[in-house]
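Results of the structural survey
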Amino acid sequence: MTNATSTSFRTQAFIDGAFRDAQSGETFVSENPASGRPITSVACGDTADIDLAVKAARRAFEDGRWSRRSPTSRKTILLRFADLIEANSEELATLDALEGGKPITDCRDIDLPDTIKTVRWYAEAIDKVFDAVAPTGPDALGLIIREPIGVVGAVVPWNFPILMAAWKIAPALASGNSMVVKPSRLTSLSAIRLAELASAAGVPDGVLNVVPGTGAGAGQALGRHMDVDKVTFTGSTEVGREFLHYAAESNLKEVTLELGGKSPSLVLAGPPDLAIVAEQVLFAALVNQGENCSSGSRLIVHRSVHEELVERLAAGLAEWPVGDPMDPATRIGPMIERPHLDKVMGYIARGRAEGARVVTGGEQVLESSGGYFVAPTIFDGVTNSMSIARDEIFGPVLSTIPFDDEAEGIRLANETSYGLAASIYTTDLDAAFRVSRALRAGVIGVNAYSEGDITTPFGGYKQSGFGGRDKGLEAFDQYTEKKTIWVTLR
Ligand code: NAD
């Protein structure tokens, strides 16, 4: 397994245009989950460092060095930022693969291209969106304009480190805000490098600050800071709730939450070619080793095709090799850390104990590597009352639930506290639209697993989300205030 201790990394906080150690001098160890070995030590920011970063962001916002530039000028710099990400994409992909245990092929071919596209798209959009004029009579002019919200805190997870950061940074900076980004303790390196590249592209000092640290330390400090205007959070539903407490107990900052999921792949009677369905269902369940908020972790399948589909899924696992994330052939890397491996294995044990049948997988593999690998696991005979059907496992574990008629399929699909995404498989056009409407989820893929692209909003119903959407022009709503200017005409 790859161990990159010899490579040099940027490991300090980036505050007000400069790299800094944590004021406490504390660091934490970043570990390679494919080997269990340390990669490097990273500055462990806490309340004092967050405060320094917020003050720098506030100064930058108030003096207008970024917030009062024309959108076209911000666009030019953000396009340069995208070019620099592209020029350094091999390095950035490697950082996420090393720290996150993500297959290098996915980092190179999915995460980095999507990150670059995200930054370019918001850069290009910002000088093409118009504000509104109210439908007044001749005695008034009513302008409804957007303004940047101010200092934005972004707290992001470890499963798509650079891409989740980019989903926040690109629209927030394009809109003219200043930011403090707190990456996950498990994957800080690509976000730190992003800040350095933004600075090299011409983003002024203080506008994009990155403070690595723990959730309870730096994350909480950002959530509770009295001078942060907005927090945009992606992570677990449990921690998302905490941010609502932090806002209520501090300055009522605005909060957007992108949270967990338990998304269904719903295969109706009369599906398309089962070979394609099997390929897509496996992709939905296994991409990013199942550590994916919109993972299609429940297969809800019409009984007429249930057996054949499960057989095809088991056979299809040959296309999903588990191994060293740095090997280009690997499609499933390790779980992010030992406690997460234990959690996933705990769910597999509970699934068995609750009476579900393991079709394939179900065990830890490649233990001699020192890494945290789990064999892709398919359960059959699952019911919605089992914990493996209810809880977000966040690993390569698929739960199969058969049904008999469409209404039952919809009921089973919706019987969850989450509502992030869903896929429907059918050749019946009416059923495709009817069921798309009936499912309580933010993103529906028809005849393929898909989250849409950068043009479409992403976010969840129910306990999968709150207070706004990432992606699409809708993301600008997160990062702007609306102001009415009413001019009385005489
Ligand atoms: P997490 O909630 O544990 O951590 C997310 C971030 O919050 C990290 O930066 C972490 O340091 C910080 N944090 C943790 N505890 C905190 C606390 N008490 N106060 C303040 N900050 C705290 O989530 P994770 O394990 O990093 O990521 C996995 C979760 O993210 C899954 O539930 C997944 O579904 C979700 N996710 C959602 C989306 C989406 O767009 N809906 C995308 C990716 C991941």
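Structural data are supplied above this passage.
Here's what I pulled together on the structure shown here.

Parameters and conventions
- Residues numbered from 1 in each chain as written.
- Predicted model: local features only at pLDDT ≥ 70, side-chain atom pairs only at ≥ 80, totals over all residues.
- Heavy atoms only, no water.
- Near = heavy atom within 4 Å.
- Areas by Shrake-Rupley, 256 points an atom, 1.4 Å probe, with all protein chains shown as cover.
- Helix = DSSP H or I, 4+ residues; strand = E, 2+ residues; numbered from the N terminus.
- Nonpolar A, V, L, I, M, F, W, Y, C, P; charged D, E, K, R; others polar.
- Salt bridge = Lys/Arg side-chain N within 4 Å of Asp/Glu carboxyl O.
- Buried < 20%, exposed > 50% of the residue type's maximum accessible area, 1.4 Å probe, protein only.
- Core = buried A, V, L, I, M, F, W, Y, C linked by side-chain atoms within 4.5 Å.
- Contact = heavy atoms within 4.5 Å.
- Lys, Arg positive; Asp, Glu negative; His and termini not counted.
- Expected span 1.5 Å × (residues − 1).
- Pairing = 2+ DSSP bridges.
- Axes fitted to C-alpha atoms, helices over the stretch in contact; angles between N-to-C directions.
- Parallel < 35°, antiparallel > 145°, perpendicular 65-115°, else oblique.

W158, K182, S236, Y246 and E392 are the nearest of the 27 residues found near the ligand. Isolated, the ligand exposes 840 Å² of accessible area, and the fraction of that covered by the protein chains is 88%. Contributions of two or more residues to the shell around the ligand are made by α7 (215–224), β10 (230–234) and α8 (237–249). Grouping the constituent residues of the shell around the ligand by class yields 15 nonpolar, nine polar and three charged.

One side chain can pair with another of opposite charge once the charged atoms of both are near each other. For the structure shown, the criterion picks out 28 salt bridges. Notably, a salt bridge pairs R193 with E196, separated by 2.7 Å at the nearest N-O pair. Here R193 and its partner E196 are both found in helix α6 (residues 189–201), three residues apart, which amounts to about one turn of the helix. The buried category is assigned to R193, whose relative accessible area is 14%. Among the residues examined, E196 registers a relative accessible area of 17% and is labelled buried. For R312, the salt bridge identified is with E308, shortest N-O distance 3.1 Å. Of this pair, R312 and E308 both sit in helix α10 (residues 303–316), four residues apart, which is roughly one turn of the helix. Overall, the relative accessible area of 40% leaves E308 in the partly exposed class.

Ranked by internal contacts, the top residues of the largest apolar core, which has 65 residues, are F81, I85, I169, L173, M179 and L208. Looking at this core, the element that brings in the most residues is helix α5 (residues 161–174), giving 10 residues. What L208 contacts, discounting residues up to four positions off in sequence, is F14, I169, L173, M179, V181, A195, A198 and V203. Grouped together as the second largest cluster of nonpolar side chains are 29 residues, L268, I300, I348 and M386 included.

With respect to the helices and strands, K230 occurs in strand β10. E254 provides the closest opposite charge to the buried, unpaired K230, separated from it by 4.6 Å. Here K230 is in contact with I149, V151, V152, G153, K253, E254, V255, T256, Q478 and Y479, once residues within four sequence places are set aside.

Locating T400 in the fold gives a position in strand β18 (residues 397–403). For T400, a relative accessible area of 0% corresponds to the buried category. For T400, the residues in contact, after removing those within four places along its chain, are L299, V301, H306, V310, I378, F379, D380, G381 and V382.

Compared with an ideal rise of 1.5 Å per residue, which puts 14 residues at 20 Å, α5 spans 20 Å between its outermost C-alpha atoms and is within 8% of the ideal. Extensive coverage of α5 is indicated by the burial of 14 of its 14 residues.

Below, the discussion takes up the sheet that holds strand β14 (residues 357–360). Taking strand neighbours across the sheet as the criterion, the seven strands line up as β14-β17-β18-β13-β12-β19-β20 in an open arrangement whose pairing is mixed. At either margin of the open sheet sits one strand with a lone partner, and together these are β14 and β20 (443–446). The average undirected angle you get between the axes of adjacent strands in this sheet is 25°. Where strand β13 (residues 298–302) meets β18, five bridges bridge the pair, whose relative direction is parallel. The partner of H302 across the bridge, within β18, is F403. Relative to β18, helix α13 (residues 406–414) is tilted by about 150°, and along the sheet it contacts β12 (264–267), β13 and β18.

Moving on, we get to the packing of α7 against α8. When two helices pack together, their arrangement is given by the angle between the helix axes and by the axis-to-axis distance. Put simply, α7 and α8 touch, their axes get as near as 8 Å, and they point 45° apart. Relative to α8, α7 is oriented oblique. Contacts between α7 and α8 involve G219, Q220, G223 and R224 on the former and, on the latter, F243, Y246, A247 and E249. Partitioned by chemical class, the residues of the contact of α7 with α8 number three nonpolar, three polar and two charged.

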